[in-house]
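Spelled out from the first residue to the last, the chains are:
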Amino acid sequence: GKKAHRLVALINDPSEIIKANEIAISGSPYFFKKSAPHMTIIVTPKKSTDINYLKMLISDHHSLDYENETYEITAMLLGPDRHIIMIKQFNNAYKALEYNDLFIENKKIKEELSKNDFRIMAISLENFKEFYRNKDMQGYYNFYLNNYTRNN
């Protein structure tokens, strides 16, 4: 009875099957959808990062260079030893990458980030759920390097 109910549910909503097939084909739990909403994430070591100062620098950068746009800046822990700063939201991957390029050119931010081993990446909101649930820094970083280039 339970199996039959499950099969009927999958027939009525095949999204789980479609996602499982996409994962099997791609070999990754992440999907590159360049037109999906994105955010920028910055991952830094918890021990050596002054997260409040870094957020302030980002906020100052926004008030100077993006005064007509509103971005949400959020920080939280990524496991026991890393911070993650999320800057959202961008309409698509290109806008997030464009932001990252301009953002990293800011001297004060670049100076603060260069004190630590950091990663700055664009990520779709859908991929972020998987990334955060599994704390999959290396897996997502590899996906990012393979998919987020100017040619995509």
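Each chain has its residues counted from 1, running along the sequence as written. Owing to the predicted nature of the model, reporting of local features is limited to residues with pLDDT of at least 70; listing and counting of side-chain atom pairs is limited to 80 or more, with chain, interface and lining totals taken over all residues. Heavy atoms from the whole structure form the basis of all side-chain values; hydrogens and water molecules are not counted.

1. Some thoughts on the pairing of strand β3 (residues 82-90)
Side-chain positions along a regular strand alternate between the two faces of the sheet.
In step 1: Looking at chain direction, strand β1 (residues 38-45) and β3 are connected through 8 bridges and run antiparallel. Its bridge partner being in β3, V43 is matched across the sheet by I84.
In step 2: In short, DSSP must find at least two bridges between two strands for them to pair. Going along the chain from the N terminus, every DSSP run of H or I of four or more residues is numbered as a helix, and every run of E of two or more is numbered as a strand. For strand β2 (residues 72-77) and β3, the ladder comprises 6 bridges, and the chain directions are antiparallel. Paired with A75 across the two strands is I85, which belongs to β3.

2. Notes on the pairing of β1
In step 1: Partly exposed describes any residue whose relative accessible area lies between the buried limit of under 20% and the exposed limit of over 50%, with all areas from a 1.4 Å probe on protein chains only and scaled to the type maximum. Counting buried positions over the 8 residues of β1 gives 7, a clear majority of the element.
In step 2: Bridge count between β1 and strand β4 (residues 119-124): 6 bridges; the pairing is antiparallel. When the bridges of β4 are listed, I41 appears paired with M121.

3. Focus on helix α7 (residues 137-147)
In step 1: When we look at burial in α7, the residues that qualify are M137, Y140, Y141, F143, Y144 and N147. The arc that holds every buried residue of α7, seen down its axis, measures 160°, which confines them to one face.
In step 2: Only heavy atoms matter for contacts: two residues are in contact if any of them lie within 4.5 Å across the pair. In this structure, the buried residues of α7 make contact with β1, β3, α4 (93-104), β4 and α6 (125-134). What the arc covers is the set of directions going from the helix axis to the C-beta atoms.

4. Here's the deal with the sheet that holds β2
In step 1: Across the sheet, 4 strands lie side by side as β2-β3-β1-β4; this open sheet has antiparallel pairing. Every interior strand has two partners, whereas the edge strands, β2 and β4, have only one. The sheet shows a mean angle of 25° between the axes of neighbouring strands, taken without regard to direction.
In step 2: Where α4 meets the sheet, it contacts β1, β3 and β4, and its direction lies at approximately 40° from that of β1. Between the N-to-C directions of two axes lies an angle of 0 to 180 degrees, each axis being a line fitted to C-alpha atoms and, for a helix, fitted only over the stretch in contact.

5. Let's talk about the packing of aromatic side chains
In step 1: Aromatic pairs are defined between Phe, Tyr and Trp rings, using the six-membered ring for Trp, whenever the two ring centres lie within 6.5 Å; interplanar angles under 30 degrees are classed as stacked, those over 60 as edge-to-face, and all others as tilted. Using the criterion set out here, one finds 13 aromatic pairs in the structure.
In step 2: Both rings, one in Y140 and one in Y144, keep their centres 6.5 Å apart while their planes meet at 35°; by these two values the pair is tilted. Remark: Y144 and Y140 occur in helix α7; sequence separation between them is 4 residues, near one turn of the helix.
In step 3: Each ring, one from F143 and one from Y148, has its centre 6.3 Å from the other, and the planes form 70°; the classification is edge-to-face. Comparing F143 with Y148, the two get one shared label, buried.
In step 4: Ring pairs connect the aromatic residues Y30, F32, F128, F131, Y132, Y140, F143, Y144 and Y148, which therefore count as one cluster.
In step 5: The cationic tip of R119 hangs over the ring face of Y141; the distance from NZ or CZ to the ring centre is 4.0 Å. Charges are assigned to positions over rings by a cutoff of 6 Å between ring centre and Lys NZ or Arg CZ, combined with an angular limit of 35 degrees from the ring normal.

6. Side note on the nonpolar core
In step 1: Formed by 36 residues in total, the largest nonpolar core has its most connected members in I41, I58, I87, F103, F131 and Y140.
In step 2: Listed by contribution, the elements that provide at least two residues to this core are β1, α3 (51-65), β3, α4, α5 (107-113), β4, α6 and α7.
In step 3: The contacts of I58, once residues within four sequence positions are left out, are I42, I73, I85, I87, Y99, F103 and I109. Grouping buried Ala, Val, Leu, Ile, Met, Phe, Trp, Tyr and Cys residues that are joined through side-chain atoms within 4.5 Å yields what is termed a nonpolar core.

7. Regarding the side chain of N147
In step 1: With respect to the secondary-structure elements, N147 resides in helix α7.
In step 2: By relative accessible area, which is 19% here, N147 ends up buried.
In step 3: From its side chain, N147 meets the backbone oxygen of F143 in a polar contact 2.8 Å long. Contacts described as polar in this section are N or O atom pairs within 3.5 Å, which, within protein, must combine one atom able to donate a hydrogen with one able to accept it, while residues neighboring in sequence count only if both atoms come from side chains.

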